[in-house]
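Survey of secondary and tertiary structure
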Amino acid sequence: MFIVENLRYKRILEIVSLTISRPISCIMGPSGSGKTTLLRMLNRLNAPDEGRILYNGQDIALMDTIKLRRNVVMLGQMPVIYSGTVADNLQIGLQFSQRPPASDEDLRKSLAWVELDKELADSCHNFSGGEKQRLCLARIMLMDADTYLLDEPSAALDKNTERFIIEHLTEFVLRKNKQMVMVTHSEQIAQSFPQTIIRMEGGRVTEAYHE
């Protein structure tokens, strides 16, 4: 759960109070409304000029960033693929969060879960955009975080892959009693997962609707 209090950031955000507590939350608003900036603040990729963000009762400004990002993982608009094999790319999230490596069996299970028919030793060099994003999804699911931040998945994906990514991560989050906060410009996507819909404009929250 996140609690935002008296948050200011440059001329981009000014949020007096916001609570994000439901398993699935969607942040909506026009371009330039501060959606992605707010999302990035939830795992300290940006730091506020004023105010604070509490995560499960702790001020994230006082938390170790590795520990925070081990529990709050972000999947961005563009898939990030590293040099090396499929296995290397799956393991790297665990390495960054200083966790033990996964077994080959678990790596294969993660690929099956996202329906990516690739071998662990395959190079990622010629993957399509959708294949890269599925690989990134498998990577963050392996990290078994408590909270997942999803930034505008439709920006880099075709509609079928977008839907696949969102539905699989939603199922994973609900089944494992985790949390997902998603920025989207799609009213259709937001209405499909309406537990909480947060609307922003001009860096401010204009509405927070709870199902």
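Residues numbered from 1 in each chain as written. Predicted model: local features only at pLDDT ≥ 70, side-chain atom pairs only at ≥ 80, totals over all residues. Heavy atoms only, no water.

The protein goes by Phosphate import ATP-binding protein PstB in an unreviewed UniProt entry, where it is assigned to Sporomusa acidovorans.

A few points about the pairing of strand β7 (residues 147-151)
Each regular strand shows side chains that alternate between the opposite faces of the sheet. Within β7, 5 of the 5 residues are buried, leaving the element largely enclosed by the surrounding structure. Of the two faces of β7, the one holding Thr147, Leu149 and Asp151 and the one holding Tyr148 and Leu150 are both buried throughout. Relative to β7, strand β6 (residues 72-75) is paired through 4 bridges, and the arrangement is parallel. Within the sheet, the bridge partner assigned to Met74 lies in β7 and is Leu149. In the sheet, β7 pairs with strand β8 (residues 179-183) via 5 bridges, with the strands oriented parallel. (Buried < 20%, exposed > 50% of the residue type's maximum accessible area, 1.4 Å probe, protein only. Helix = DSSP H or I, 4+ residues; strand = E, 2+ residues; numbered from the N terminus. Pairing = 2+ DSSP bridges.)

Comments concerning the sheet that holds β6
Taken in spatial order, the 6 strands make up an open sheet running β6-β7-β8-β3-β9-β10, and their pairing is mixed. With partners counted over all chains shown, the strands left at the sheet margins are β6 and β10 (204-210), one partner each. In this sheet, neighbouring strand axes are inclined to one another by 15 degrees on average, regardless of whether the strands run parallel or antiparallel. Here helix α5 (residues 129-142) sits on the sheet and contacts β6 and β7; the angle it forms with β6, its principal contact strand, is near 180 degrees. (Axes fitted to C-alpha atoms, helices over the stretch in contact; angles between N-to-C directions. Contact = heavy atoms within 4.5 Å.)

Brief notes about the pattern of salt bridges
When their charged atoms lie close together, side chains carrying opposite charge are able to pair. In the structure shown here, the tally under the stated rule is 9 salt bridges. In this structure, Glu50 engages Arg8 in a salt bridge whose closest nitrogen and oxygen atoms are separated by 3.8 Å. Note that Glu50 is positioned in strand β4 (residues 50-55) and Arg8 in strand β1 (residues 2-9), a separation of 42 residues in sequence. Its relative accessible area of 36% is what places Arg8 among the partly exposed residues. Notably, a salt bridge pairs Asp144 with Lys178, separated by 3.0 Å at the nearest N-O pair. Here Asp144, found in the loop between α5 and β7, pairs with Lys178, found in the loop between α6 (159-175) and β8; they are 34 residues apart in sequence, far enough to count as distant. A residue is classified by how much of its surface remains accessible, and Asp144, at 36% relative accessible area, is partly exposed. (Salt bridge = Lys/Arg side-chain N within 4 Å of Asp/Glu carboxyl O.)

Description of helix α4 (residues 104-113)
Of the residues making up α4, those classed as buried are Leu107, Ser110 and Leu111. All buried residues of α4 fall inside an arc of 100 degrees around its axis, so they share one side. Buried residues along α4 sit in contact with α3 (86-96) and α5. (Arc of directions from axis to C-beta.)

Side note on α3
Turn by turn, an α-helix covers 3.6 residues, leaving residues three or four places apart pointing in a common direction. Burial within α3 is extensive, with 8 of its 11 residues counted as buried. Listed in full, the buried residues belonging to α3 are Val86, Ala87, Asn89, Leu90, Gln91, Ile92, Gly93 and Leu94. In the stretch just after α3, Gln98 is the one whose phi turns positive, near 60 degrees.

Description of the side chain of Thr37
Its place among the elements puts Thr37 in helix α1 (residues 35-41). Discounting chain neighbours no more than four positions away, the residues touching Thr37 are Tyr9, Ile12, Leu13 and Asn46.

Concerning the packing of aromatic side chains
What describes a pair of aromatic rings is the distance from one ring centre to the other and the angle between the planes of the rings. Applying the stated rule across the entire model yields 3 aromatic pairs. Between the aromatic rings of Tyr82 and Phe96, the centroid separation amounts to 5.8 Å while the plane-to-plane angle is 75 degrees, which identifies the pairing as edge-to-face. A residue pair is termed long-range when its members are at least 10 positions apart, and Tyr82 in the loop between β6 and α3 and Phe96 in helix α3 qualify at 14 residues. Relative accessible area serves as the criterion here: at 31%, Tyr82 is assigned to the partly exposed category. The ring of Phe164 has Arg134 sitting right over it, with the charged end atom 3.9 Å from the ring centre. (Phe/Tyr/Trp six-rings, centres within 6.5 Å; stacked < 30°, edge-to-face > 60°. Lys NZ or Arg CZ within 6 Å of the ring centre and 35° of its normal.)

Here we look at the nonpolar core
Nonpolar side chains in soluble globular proteins generally cluster together in the buried interior. By size, the foremost hydrophobic cluster in this structure holds 39 residues, and its most contacted members are Val86, Leu90, Leu135, Tyr148 and Leu169. For this core, the element with the most residues is α5, which contributes 7 residues. In this view, Tyr148 contacts Val73, Ile140, Met141, Met143, Leu169, Phe172, Val173, Lys178, Gln179, Met180 and Val181; residues no more than four positions away in its chain are not counted. (Core = buried A, V, L, I, M, F, W, Y, C linked by side-chain atoms within 4.5 Å.)

Quick notes on unusual backbone geometry
Despite not being glycine, Asn6 shows a phi value in the positive range, around 50 degrees. With a phi angle near 50 degrees, Asn56 is a residue other than glycine that sits in the positive phi range. Position of Asn56 relative to the elements: it lies in the loop between β4 and β5 (58-59). Asn56 gets classed as partly exposed once you look at its relative accessible area, which sits at 48%.

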